[in-house]
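For reference, the chains in residue letters:
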Amino acid sequence: MNLAVAFFYLFSALMIASAFMVIAARNPVHSVLFLILAFVNAAGLFLLLGAEFLAMILVVVYIGAVAVLFLFVVMMLDVDFAVLKQGFLQYLPIGALIGIIMVIELILVMSGWSASQASLGNAGAPTPPDVSNTLALGRVLYTKFVYFFQAAGLVLLTAMIGAIVLTLRHKSDVRRQDIGEQNARDRKQAVELKKIPFRTGV
């Protein structure tokens, strides 16, 4: 067994164990930490497959943004998970039935699936040895699919602005800064001179 196979089994075992602990841990903060560990091991598997772009996206986006956001939300909101789990047993039979149906469907699909020779022959050629995975994806994204790439960015920007607008709440008792009013002030409005009598305190 060479080094790549050893790392494959190591990353796979750790990822499966971390994924199980995500749903088995009682503390939600521990669940998020195990989720981050699962993402790290999945990124290691992507590196073994030669997909370094997907590995970096998994680390930067999912660990650096999504998982950390989950962690801060869970720690800041102080959600009472004991109350949320009270009705768990009520929906357990329906959830188990749906899970069994999905497992049966997956078994039927995998047992009847086979790759045809025509589809294998029409498979795209791999990238040249001197071109990395990230460079190949960048060439495709910024040339052939540049308009779709920019459209996806605009959709995400619109979703971010909408989320900010929907969650922003203005409080009437909070004093806010008015830049236009500050710039329009003159010396009479900014400075107030008062004549204090001699030997008298302010």
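Every value quoted in this text rests on a predicted model; they were computed, and no experiment measured them. (Residues numbered from 1 in each chain as written. Predicted model: local features only at pLDDT ≥ 70, side-chain atom pairs only at ≥ 80, totals over all residues. Heavy atoms only, no water.)

Some words on the overall build of the protein
Consideration 1: Scanning the protein for helices and strands turns up 10 helices and zero strands.
Consideration 2: In sequence order, the secondary structure elements of the protein are arranged as α-α-α-α-α-α-α-α-α-α.
Consideration 3: The buried share of the protein, reckoned over its 202 residues, is 11%.
Consideration 4: Long-range pairs, those at least 24 residues apart, make up 54% of the contacts in the protein between residues at least 6 apart in sequence.
Consideration 5: Of the roughly 17400 Å² that the protein leaves accessible, carbon and sulfur atoms contribute 70%. (Helix = DSSP H or I, 4+ residues; strand = E, 2+ residues; numbered from the N terminus. Buried < 20%, exposed > 50% of the residue type's maximum accessible area, 1.4 Å probe, protein only. Contact = heavy atoms within 4.5 Å. Areas by Shrake-Rupley, 256 points an atom, 1.4 Å probe, with all protein chains shown as cover.)

What to know about the nonpolar core
Consideration 1: Listed in full, the eight residues of the largest apolar core are Ile36, Phe39, Ala42, Ala43, Ala55, Leu58, Ile63 and Ala67.
Consideration 2: Those elements giving two or more residues to this core turn out to be helix H2 (28–48) and helix H3 (52–77).
Consideration 3: Residues contacting Ile63, with those up to four places away along its chain left out, are Ile36, Phe39, Val40, Leu58 and Val68. (Core = buried A, V, L, I, M, F, W, Y, C linked by side-chain atoms within 4.5 Å.)

Regarding the side chain of Ser18
Consideration 1: As for its placement among the helices and strands, Ser18 is situated in helix H1 (residues 3–24).
Consideration 2: On the basis of relative accessibility, which here comes to 3%, the residue Ser18 falls in the buried class.
Consideration 3: When near neighbours in sequence (up to four residues on either side) are disregarded, Ser18 contacts Phe34, Leu37, Ala38 and Asn41.

A short note on the side chain of Asn41
Consideration 1: For Asn41, the position within the fold is in helix H2.
Consideration 2: Ignoring sequence-local partners within four residues, the contact set of Asn41 consists of Phe11, Leu14, Met15 and Ser18.

Let's talk about the packing of aromatic side chains
Consideration 1: Scanning the model with the defined rule gives five aromatic pairs in all.
Consideration 2: Ring geometry for Phe39 versus Tyr62: centroids 5.5 Å apart, planes at 55°, classification tilted. Placement of the pair is Phe39 in helix H2 and Tyr62 in helix H3, with a sequence separation of 23 residues.
Consideration 3: Owing to a relative accessible area of 38%, Tyr62 belongs among the partly exposed residues under this scheme. (Phe/Tyr/Trp six-rings, centres within 6.5 Å; stacked < 30°, edge-to-face > 60°.)

Things to note about the packing of H1 against H2
The geometry of a pair of packed helices is captured by two quantities: the angle between their axes and the separation between those axes.
Consideration 1: Put simply, H1 and H2 touch, their axes get as near as 8 Å, and they point 155° apart. Between H1 and H2, the interaxial angle falls into the category roughly antiparallel. The interaxial crossing formed by H1 with H2 has left-handed handedness. Taken together, the residues of H2 that come into contact with H1 (itself represented by Ala4, Phe7, Phe8, Phe11, Ser12, Leu14, Met15, Ser18, Ala19, Met21 and Val22) are Ser31, Phe34, Leu35, Leu37, Ala38, Asn41, Ala42, Gly44, Leu45 and Leu48.
Consideration 2: Among the residues forming the contact of H1 with H2, the class breakdown is 16 nonpolar, five polar and no charged. (Axes fitted to C-alpha atoms, helices over the stretch in contact; angles between N-to-C directions. Parallel < 35°, antiparallel > 145°, perpendicular 65-115°, else oblique. Left-handed = near helix turned anticlockwise from the far one by under 90°. Nonpolar A, V, L, I, M, F, W, Y, C, P; charged D, E, K, R; others polar.)

Description of a nonpolar patch on the surface
Consideration 1: There is a patch of nonpolar side chains on the surface, built from Met56, Ile57, Val59, Val60, Val61, Tyr62, Val66, Leu69, Phe70 and Val73 and spanning about 810 Å² of accessible area.
Consideration 2: Along the chain, the position of Leu69 falls in helix H3. (Patch = residues over 30% accessible without salt bridge, like charges linked within 9 Å, V, L, I, M, F, W, Y side chains within 5 Å. Salt bridge = Lys/Arg side-chain N within 4 Å of Asp/Glu carboxyl O.)

A few points about the confidence of the model for the protein
Consideration 1: When pLDDT is averaged across the protein, the result is 80; 84% of the residues are at 70 or more.
Consideration 2: When pLDDT is averaged over each helix and strand of the protein, the minimum, 59, is found for helix H6 (residues 117–121) and the maximum, 89, for H1. (pLDDT = per-residue confidence, 0-100.)

Examining the environment of Gly44
Consideration 1: Looking at where Gly44 falls in the secondary structure, it is placed in helix H2.
Consideration 2: With 15 residues separating them along the chain, Gly44 and Val59 place their C-alpha atoms 9.9 Å apart.

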